[in-house]
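# An overview of the molecular structure
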Amino acid sequence: MRVALICIDKPDHLHVRQENRAAHLAYIEATGVVEMAGPFLDGDSMCGSLVVLEVENLDAAKAWAAEDPYAKAGLFASVDIRAWKKVIG
């Protein structure tokens, strides 16, 4: 199933994102369940993430999200995890 993670950064935490970006990208590569991902932008500054996973169930998505280096570093103010159906694209 596809699951969308809608992650919103804590205010003034761009430095946390930058410090943990390499580990976050390595985690994406190593786990092999990310179909697409990218940052939300506020002007030119990253302020959150949209990550679409292909996983067995919502529990697997929650487990993936909990192990994301960004989450472990305390970057996010909120993480919304929702089942998602791809229709176009």
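Residues numbered from 1 in each chain as written. Predicted model: local features only at pLDDT ≥ 70, side-chain atom pairs only at ≥ 80, totals over all residues. Heavy atoms only, no water.

Turning next to the UniProt feature "domain: YCII-related" (unreviewed entry) in the chain. Within this numbering scheme, the UniProt entry marks residues 1-85 as carrying the feature "domain: YCII-related" (unreviewed entry). As annotated, residues 1-85 has a helix share of 38% and a strand share of 41%, and its two end C-alpha atoms lie 8 Å apart. (UniProt positions renumbered as here; feature names shortened; annotations may be inferred. Helix = DSSP H or I, 4+ residues; strand = E, 2+ residues; numbered from the N terminus.)

Here we have four strands laid out as an open sheet, ordered E2-E3-E1-E4, and antiparallel in their pairing. In this open sheet, the two edge strands, each paired with only one partner strand, are strand E2 (34-42) and strand E4 (76-83). Neighbour-to-neighbour, the strand axes of this sheet turn through a mean angle of 15°, independent of strand direction. Pairing between strand E1 (residues 2-9) and strand E3 (residues 45-54): seven bridges, direction antiparallel. If you follow Arg2 over to E3, its bridge partner there is Glu54. Strand contacts of helix H2 (residues 58-67): E1, E2, E3 and E4, with the helix running at about 160° to E4, the strand carrying the most contacts. (Pairing = 2+ DSSP bridges. Axes fitted to C-alpha atoms, helices over the stretch in contact; angles between N-to-C directions. Contact = heavy atoms within 4.5 Å.)

This paragraph deals with the packing of helix H1 (residues 14-31) against H2. Look at H1 against H2: their axes get within 11 Å of each other, and the N-to-C directions meet at 145°. Read as a crossing pair, H1 and H2 show a hand that is right-handed. Of the residues in H2, those in contact with Tyr27, Ile28 and Thr31 of H1 are Ala63, Trp64 and Glu67. Of the residues contributing to the contact of H1 with H2, the split by class is four nonpolar, one polar and one charged. (Left-handed = near helix turned anticlockwise from the far one by under 90°. Nonpolar A, V, L, I, M, F, W, Y, C, P; charged D, E, K, R; others polar.)

Here the focus is the side chain of Asn20. Mapped onto the fold, Asn20 is located in helix H1. A distance of 2.8 Å separates a polar atom in the side chain of Asn20 from the backbone oxygen of Val16. Ignoring sequence-local partners within four residues, the contact set of Asn20 consists of Pro69, Tyr70 and Ala73. (Polar contact = N/O pair within 3.5 Å; in protein donor to acceptor, adjacent residues only side chain to side chain.)

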